[in-house]
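Secondary and tertiary structure notes
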Amino acid sequence: MIPRPVSSRRSTAVRALLLAYAVAATADVALLLAGSSAGHTTVKPVLLLLLAACAALCGGPRLLTAALLCGWGGDVLLLVDDDLAFLAGMGSFAVGHLCYLALFARHARPAAVPDPGARARRTALGLGYATALVVVVGLLWPDLPAGLRVPVALYSVLLTVVAFRAASLGPLAGLGGALFLLSDTLIATGIADWPQLPRPDAWVMLTYLAAQFLLAAGVLAAHARGLPEPALTTTGNPTGSAPAPR
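Quick caveat, the model's predicted, so the values are computed rather than measured. Residue positions are given per chain, counted from 1 along the sequence in the order it is written. Per-residue local features are limited, in this predicted model, to residues with pLDDT of at least 70; the limit for side-chain atom pairs, both in listing and counting, is 80 or more; totals at the level of whole chains, interfaces and linings are taken over all residues. By convention in this description, side-chain values take in all heavy atoms of the structure and omit both hydrogens and water.

**Some details on the nonpolar core**
Which entries qualify depends on this criterion: Put simply, buried Ala, Val, Leu, Ile, Met, Phe, Trp, Tyr and Cys residues joined by side-chain atoms within 4.5 Å make one nonpolar core. For every residue, the accessible area (1.4 Å probe, protein chains only) is compared with the maximum for its type, and the residue is labelled buried under 20%, exposed over 50%, or partly exposed between those bounds. Helix and strand definitions here come from DSSP, where helices need a minimum of 4 consecutive H or I residues and strands a minimum of 2 consecutive E residues; each element is numbered from the N-terminal end.
In terms of nonpolar packing, the biggest core is built from 56 residues, with Leu-47, Leu-64, Leu-68, Tyr-100, Phe-104, Phe-180 and Leu-209 touching the most fellow members. At 11 residues, the largest contribution of residues to this core is made by helix H8 (residues 200-225).

Take a look at the structure:
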């Protein structure tokens, strides 16, 4: 997740933040598997702050940092067991998704040569996501609380578009978008009182944290592809200064 040349000190800081994110994410899922809601409440607010700081230190787009901070806001709001807080959290995530959509539009990977097969795959992927959206929302609708039906349906449309558009950046972001959709679908089934997997919150967080990491990594990689290469002098020195003596 270090897509561009950075100073040695900054590179060390990025690796430290990534390690901290991995450790905190593992701890959070483990706490949920152990049934420790108090531990989860302590660790969860830290997670997306670590990832946002890492993205910023990597020189990523400001919109990526904004998207991750919106995710952090949603995480904190969803810790409150209240319908109003849930709607506010969903709104925070929605703003983050709009940031992601802007990033996907800016950094979508262009085809080197026309590829009819790629267009067919995009069409099939879009049809698959659209079908899943209609089926899942249709099944959930009667079991959702009346006040949450329309907001959940609208949010589901937005998240499905994000999942589809994420694939335009490559497999990392594409998988991240799919996992984000899966994570929020698991949340929706819980709200609808459907039968759940054992320790459902652990599966929600596992897929969510992987999704945010993969989306961030995909955006950073796409951003790095768009950066100009360092200029080379006739001596092959990328800085343009005299070669350092050996």
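**Overview of the packing of aromatic side chains**
Spelled out, the test is: Aromatic rings from Phe, Tyr and Trp, taking only the six-membered ring of Trp, are treated as a pair when their centres fall within 6.5 Å; an angle between ring planes under 30 degrees marks them as stacked, one over 60 as edge-to-face, and anything in between as tilted.
A complete count under the given rule lists 4 aromatic pairs for this structure. Their ring planes at 85° and their centres at 6.3 Å tell us that Phe-93 and Phe-180 sit as a pair that is edge-to-face. Linking Phe-93 in helix H4 (residues 83-107) with Phe-180 in helix H7 (residues 171-191), this pair joins segments that are 87 residues apart in sequence. Taken individually, Phe-93 and Phe-180 each receive the classification buried, so the pair is uniform in this respect. With 5.9 Å between their ring centres and 15° between their planes, Tyr-100 and Phe-104 make a pair best called stacked. Highlighted residues: Tyr-100 and Phe-104, both in helix H4, separated by 4 residues, approximately one helical turn. Since its relative accessible area comes to 1%, Tyr-100 is described here as buried. Exposure remark for Phe-104: the relative accessible area of 0% places this residue in the buried category.

**Observations regarding the packing of helix H3 (residues 62-77) against H4**
Note the cut-off: For helices, the fitted axis covers only the stretch in contact; all axes are lines through C-alpha atoms, and the angles between them, taken along N-to-C directions, range from 0 to 180 degrees. Orientation categories follow fixed angle ranges, with anything under 35 degrees roughly parallel, anything over 145 roughly antiparallel, 65 to 115 roughly perpendicular, and all other angles oblique. Left-handed describes a crossing in which the near helix is turned anticlockwise from the far one by less than a right angle; the clockwise case is right-handed. Throughout, a residue-residue contact means that at least one pair of heavy atoms, one from each residue, lies within 4.5 Å. Side-chain classes are defined by residue name, with Ala, Val, Leu, Ile, Met, Phe, Trp, Tyr, Cys and Pro counting as nonpolar, Asp, Glu, Lys and Arg as charged, and the others, Gly among them, as polar.
Their axes nearest at 8 Å, the elements H3 and H4 cross at an angle of 165°. Considering the angle they form, H3 stands roughly antiparallel to H4. Every pair of crossing elements has a handedness; the one defined by H3 and H4 is left-handed. Contacts between H3 and H4 involve Leu-63, Leu-64, Ala-66, Ala-67, Leu-68, Cys-70, Gly-71, Gly-73, Gly-74, Asp-75 and Leu-77 from the first element and Ala-85, Ala-88, Gly-89, Ser-92, Phe-93, Val-95, Gly-96, Cys-99, Tyr-100, Ala-102, Leu-103 and Arg-106 from the second. Here the contact of H3 with H4 is built from residues that sort into 15 nonpolar, 6 polar and 2 charged.

**Things to note about the confidence of the model for the protein chain**
The condition is simple: Values of pLDDT, ranging from 0 to 100, describe the predictor's confidence in every residue of the model.
With 87% of its residues at a pLDDT of at least 70, the protein chain reaches an overall mean of 89. Below a pLDDT of 50 lies the segment residues 229-246, which in the model reaches 10 contacts outside its immediate sequence neighbourhood of four places, other chains included.

**Comments concerning H4**
Convention followed: Multiplying 1.5 Å by the helix residue count minus one yields the expected span of that helix. We call two N or O atoms a polar contact when they sit within 3.5 Å, provided that within protein one can donate a hydrogen and the other can accept it, with sequence-adjacent residues counted only if both atoms are side-chain atoms.
Its 25 residues give H4 an end-to-end C-alpha distance of 36 Å, which sits within 8% of 36 Å, the value for a rise of 1.5 Å per residue. Where H4 begins, the capping side chain belongs to Asp-82, and its oxygen is found 2.9 Å from the backbone nitrogen of Leu-84.

**Here we look at the environment of Leu-215**
You can see Leu-215 is positioned in helix H8. Exposure remark for Leu-215: the relative accessible area of 0% places this residue in the buried category. As for Leu-215 and Leu-169, which are separated by 46 residues in sequence, their C-alpha atoms are 9.2 Å apart. Apart from residues no more than four positions distant in its own chain, Leu-215 is found in contact with Tyr-100, Phe-104, Ala-166, Ala-173, Gly-176, Gly-177 and Phe-180.

**A few points about a nonpolar patch on the surface**
For the record, the criterion: Each patch is built from residues lacking any salt bridge and having more than 30% relative accessible area; the joining distance is 9 Å for like charges and 5 Å for nonpolar side chains (Val, Leu, Ile, Met, Phe, Trp, Tyr). Shrake-Rupley sampling with a 1.4 Å probe provides the accessible areas, and residues are treated as covered by the protein chains on show and by no other component. The salt bridge criterion pairs a side-chain nitrogen of Lys or Arg with a carboxyl oxygen of Asp or Glu, the two atoms within 4 Å.
Taken together, the side chains of Leu-49, Leu-69, Trp-72 and Val-76 present a nonpolar region at the surface, about 300 Å² in accessible area. It is H3 that contributes the most residues to the nonpolar patch, 3 residues altogether. By relative accessible area, Leu-69 is classed as partly exposed at 38%.

**Digging into the packing of helix H1 (residues 8-33) against helix H2 (residues 37-57)**
Taken N-terminus to C-terminus, the directions of H1 and H2 make an angle of 155°; their axes are 9 Å apart at the nearest point. Of the possible angle classes, the one that applies to H1 and H2 is roughly antiparallel. In the packing of H1 onto H2, the handedness of the crossing is left-handed. Where H1 approaches H2, its residues Arg-10, Ala-13, Val-14, Leu-17, Leu-18, Ala-20, Tyr-21, Ala-24, Ala-25, Asp-28, Leu-31 and Leu-32 are matched on the opposing element by Gly-39, His-40, Val-43, Lys-44, Leu-47, Leu-50, Leu-51, Ala-53, Cys-54 and Leu-57. Taken together, the residues of the contact of H1 with H2 sort by class into 17 nonpolar, 2 polar and 3 charged.

**Points about the state of the cysteines**
Just so we agree on the cut-off: The definition used for a disulfide is geometric: two cysteine sulfur atoms within 2.5 Å.
Under the counting rule described, the total for this entry stands at 0 disulfides. No disulfide involves Cys-58; its sulfur sits 4.3 Å from that of Cys-54, the nearest cysteine. Here Cys-70 is not disulfide-linked; the sulfur of Cys-99 is the nearest cysteine sulfur, at 5.0 Å. Exposure remark for Cys-70: the relative accessible area of 16% places this residue in the buried category.

**Side note on H2**
So the rule is basically this: To get the bend at a residue, fit one axis to the 7 residues ending there and another to the 7 starting there, then take the angle between the axes.
Across its 21 residues, H2 extends 31 Å between first and last C-alpha, which sits within 8% of the 30 Å expected from 1.5 Å per residue. Of all the bends in H2, the greatest, near 30°, is centred on Val-43, and the proline Pro-45 appears no more than four residues after it. Gly-39, His-40, Val-43, Lys-44, Leu-47, Leu-48, Leu-50, Leu-51, Ala-52, Cys-54 and Ala-55 are the residues of H2 that are buried. Buried positions along H2 lie against H1, H3 and H8. Just beyond H2, the residue with positive phi is Gly-59, at close to 80°.

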